[in-house]
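# Notes for the structure review
These are the residues of each chain, in order.
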Amino acid sequence: MHPLQWVLQVQRSLGWGPLASVSWLSLRICRAHSSLSSTTCPSPERQEDGARKDFSSRLATGPTFQHFLRSTSAPQEKLSSEVEDPPPYLMMDELLGRERKVYLETYGCQMNVNDTEIAWSILQKSGYLRTRNLQEADVILLVTCSIREKAEQTIWNRLHQLKALKTRRPRSRVPLRIGILGCMAERLKEEILNREKMVDVLAGPDAYRDLPRLLAVAESGQQAANVLLSLDETYADVMPVQTSPSATSAFVSIMRGCDNMCSYCIVPFTRGRERSRPIASILEEVKKLSEQVLQLIHERDNICKQIHLPAQSGSSRVLEAMRRGYSREAYVELVHHIKESIPGVSLSSDFIAGFCGETEEDHVQTVSLLREVQYNTGFLFAYSMRQKTRAYHRLKDDVPEEVKLRRLEELITVFREEATKANQMSVGCTQLVLVEGLSKRSATDLCGRNDGNLKVIFPDAEMEDVNNPGLRVRAQPGDYVLVKITSASSQTLRGHVLCRTTLKDSSANC
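An unreviewed UniProt entry lists the protein chain under the name CDK5 regulatory subunit associated protein 1, from Piliocolobus tephrosceles. The record in UniProt for the protein chain states the following under Cofactor (unreviewed entry): "[4Fe-4S] cluster".

## Structural notes on empty space enclosed by the protein
Evaluation of the coordinates by the stated rule reveals one cavity of 30 Å³ or more. Taken as a whole, the largest cavity encloses approximately 60 Å³ of empty space. Taken together, Asn 114, Ile 118, Thr 234, Tyr 235, Val 238, Pro 240, Ser 253, Arg 256, Arg 277 and Glu 285 form the lining of the largest cavity. In terms of residue class, the lining of the largest cavity is built from four nonpolar, three polar and three charged.

## As for the packing of helix H5 (residues 110-125) against helix H9 (residues 211-218)
At a closest axis distance of 9 Å, the pairing of H5 and H9 adopts a crossing angle of 65°. By the angle between their directions, the pair H5 and H9 is classed as roughly perpendicular. Contacts between H5 and H9 involve Ala 119, Ile 122 and Leu 123 from the former and Leu 211, Pro 212 and Leu 215 from the latter.

## A word on the sheet that holds strand E2 (residues 129-130)
Taken in spatial order, the six strands of this open sheet run E2-E1-E3-E4-E5-E6, and their pairing is parallel. At either margin of the open sheet sits one strand with a lone partner, and together these are E2 and strand E6 (224-226). As defined by bridge partners, strand E4 (residues 177-182) adjoins strand E5 (residues 201-203) across three bridges and the pair is classed as parallel. From the neighbouring strand, Ile 180 faces E5, where its bridge partner is Leu 202. Most of the contacts of helix H6 (residues 149-167) go to strand E3 (residues 139-144), to which it runs at about 175°, and overall it touches strand E1 (101-106), E3 and E4. In the packing of H9 onto the sheet, contacts are made with E3, E4, E5 and E6, and the angle to E5 comes to roughly 160°.

## Focus on helix H16 (residues 401-424)
An α-helix turns once per 3.6 residues; consequently, residues spaced three or four apart project the same way. Taking 1.5 Å per residue as the helical rise, H16 with its 24 residues ought to reach 34 Å, and the 34 Å between its terminal C-alpha atoms agrees with that figure. Along H16, the positions that sit buried rather than exposed are Val 403, Lys 404, Arg 407, Leu 408, Leu 411, Ile 412, Val 414, Phe 415, Glu 418, Ala 419, Ala 422 and Asn 423. Check the buried side of H16 and you find it contacts strand E10 (346-353), helix H14 (360-373), strand E11 (377-382), strand E17 (480-488) and strand E18 (492-501).

## Quick notes on the pairing of strand E13 (residues 442-449)
Bridge count between strand E12 (residues 430-439) and E13: five bridges; the pairing is antiparallel. If you follow Val 435 over to E13, its bridge partner there is Gly 448. Adjacent in sequence and paired antiparallel, E12 and E13 are bridged by two residues. The hairpin formed by E13 and strand E14 (residues 455-459) contains five residues between the paired strands, and Asn 453 there has a positive phi angle of roughly 65°.

## What about the confidence of the model for the protein chain?
The predicted model of the protein chain has a mean per-residue pLDDT of 85, with 82% of residues at 70 or higher. Taken element by element, the protein chain is modelled with least confidence in helix H2 (residues 22-37), mean pLDDT 39, and with most confidence in H14, mean pLDDT 98. The low-confidence segment residues 1-41 (pLDDT under 50) makes 61 contacts with residues lying over four places distant or belonging to another chain. Scored below 50 in pLDDT, residues 68-81 makes 11 contacts in the model with residues more than four places away or belonging to other chains.

## Re the side chain of Ser 146
Positionally, Ser 146 belongs in the loop between E3 and H6. According to the relative accessible area criterion, Ser 146 is buried, its value standing at 7%. Engagement of the side chain of Ser 146 in a polar contact is seen with the side chain of Glu 152, the distance being 2.7 Å. Polar side-chain contacts of Ser 146 include one of 3.3 Å to the backbone nitrogen of Met 184.

## Here we look at the environment of Lys 125
Assignment of secondary structure puts Lys 125 in helix H5. Sequence separation between Lys 125 and Gly 97 is 28 residues, and the spatial gap between their C-alpha atoms is 8.9 Å.

What counts and how
- Residues numbered from 1 in each chain as written.
- Predicted model: local features only at pLDDT ≥ 70, side-chain atom pairs only at ≥ 80, totals over all residues.
- Heavy atoms only, no water.
- UniProt positions renumbered as here; feature names shortened; annotations may be inferred.
- 1 Å grid on protein atoms, 1.4 Å probe; cavity = no way out; pocket = protein on both sides within 12 Å on 5 of 7 lines; lining within 4 Å.
- Points joined across faces, edges and corners; volume = space filled by probe spheres on them.
- Nonpolar A, V, L, I, M, F, W, Y, C, P; charged D, E, K, R; others polar.
- Axes fitted to C-alpha atoms, helices over the stretch in contact; angles between N-to-C directions.
- Helix = DSSP H or I, 4+ residues; strand = E, 2+ residues; numbered from the N terminus.
- Parallel < 35°, antiparallel > 145°, perpendicular 65-115°, else oblique.
- Contact = heavy atoms within 4.5 Å.
- Pairing = 2+ DSSP bridges.
- Expected span 1.5 Å × (residues − 1).
- Buried < 20%, exposed > 50% of the residue type's maximum accessible area, 1.4 Å probe, protein only.
- pLDDT = per-residue confidence, 0-100.
- Polar contact = N/O pair within 3.5 Å; in protein donor to acceptor, adjacent residues only side chain to side chain.

Now the structure itself:
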């Protein structure tokens with residue numbers, strides 16, 4: 001039997017934790033062998049008698065069954081502040097990437113995309129650099145799929161291509177290391193190492209924390225593997241790093257593994273038992289993504305500086321009855337954060353007047369929220385009970401219709417006052433406007449939207465084209481024009497057009 005196969009089998013039988021691997025186990029076995037061969041063992045009878053007495057004494061003084069019940073607790077997630085000691089056969093600096101360049105390829109489902117982001121986050125913290133050029137990579141990692149035979153065959157074909165790249169590697173450069181990560185590594189294990197000698201590293205879905213060590217072992221010319229599944233690994237403390245700079249979406253993984261055991265599916269055997277991420281870590285990742293969105297809105301000129309934040313009510317008591325999931329204080333804190341992150345941002349919102357159980361005090365709090373936030377756009381309505389809703393079954397529509405309408409009128413009046421104040425801040429400013437077409441109220445005016453998604457009305461007149469000096473043009477739908485704002489109401493801005501431009505030229509002149 002191949003030594004590596006034997007080590008992997010022993011590894012499984014021992015049921016070691018996530019940091020067990022071929023090289024670590026091999027070292028332990030070698031040490032045990034050398035120590036046994038260099039000492040004189042007592043006779044089996046004497047050894048057995050001594051062991052029985054020792055066990056009896058420890059049993060009498062040891063913990064009771066109740067002790068174990070009291071000590072039982074849920075598995076604890078690893079804390080990001082914890083620093084693990086390196087294995088005894090590696091120095092700490094050997095675990096560092098030393099700016100070696102990693103090339104990552106992802107195959108399969110969105111979980112593999114998430115796995116790639118987790119693996120890269122771990123390697124990045126260890127000092128590795130990311131490259132998108134295969135030719136300059138020092139480490140190539142394939143995040144693989146085993147859901148169908150075709151998916152695995154794709155990886156075998158890719159390995160044949162990479163074998164040629166590894167063979168042609170100049171001796172003046174550090175040796176190229178190739179790793180198989182994810183489901184295929186978990187399913188086939190030593191078959192990959194035996195079939196493709198050029199594979200240096202195997203890491204199953206629960207072994208990505210071990211990647212720096214596995215790569216360090218591979219640097220010595222050995223194959224390194226960790227394909228043990230875990231009952232509690234969720235990478236809760238690892239913040240995924242998006243690997244595609246052009247990505248238009250992001251996925252947040254909330255669980256790993258599967259317990260369904262569908263008769264056709266390999267997933268429970270390649271990803272292990274189902275376990276959920278702690279809610280706190282999910283919220284932390286979502287919060288970080290939200291921060292990234294706010295930053296992008298602030299930085300990118302091609303994204304409107306406008307956010308819709310439906311409040312529905314300014315009363316925490318009513319918000320609780322609505323089951324909105326936030327208080328007035330939390331909402332206001334979010335508004336302040338957005339305004340600090342995106343100076344000049346335009347805010348819009350929804351409000352309901354006269355919800356079930358709303359008192360005059362609740363209504364006053366909603367009025368005060370309108371004044372405090374000063375929305376640019378608002379959508380306000382009187383409450384209308386709808387069948388099948390929770391309110392229909394659990395609450396009473398007890399606010400009289402005339403009271404609802406009176407409160408709605410008060411909300412509309414306050415909104416218009418505050419929106420007018422907010423919009424008047426734009427008077428005298430020159431704004432970039434995306435032309436939509438003719439104004440609905442005047443055939444001689446054009447209508448468009450500014451950076452805050454506010455409607456801007458201006459005369460349909462000839463203007464200069466900044467890209468063609470001396471040329472006079474009329475704006476068409478889809479054009480960008482510069483408009484100097486001369487007046488403002490609660491819903492629209494008015495001004496006169498200066499010239500036709502482009503988003504790029506306008507940004508360059510800002």
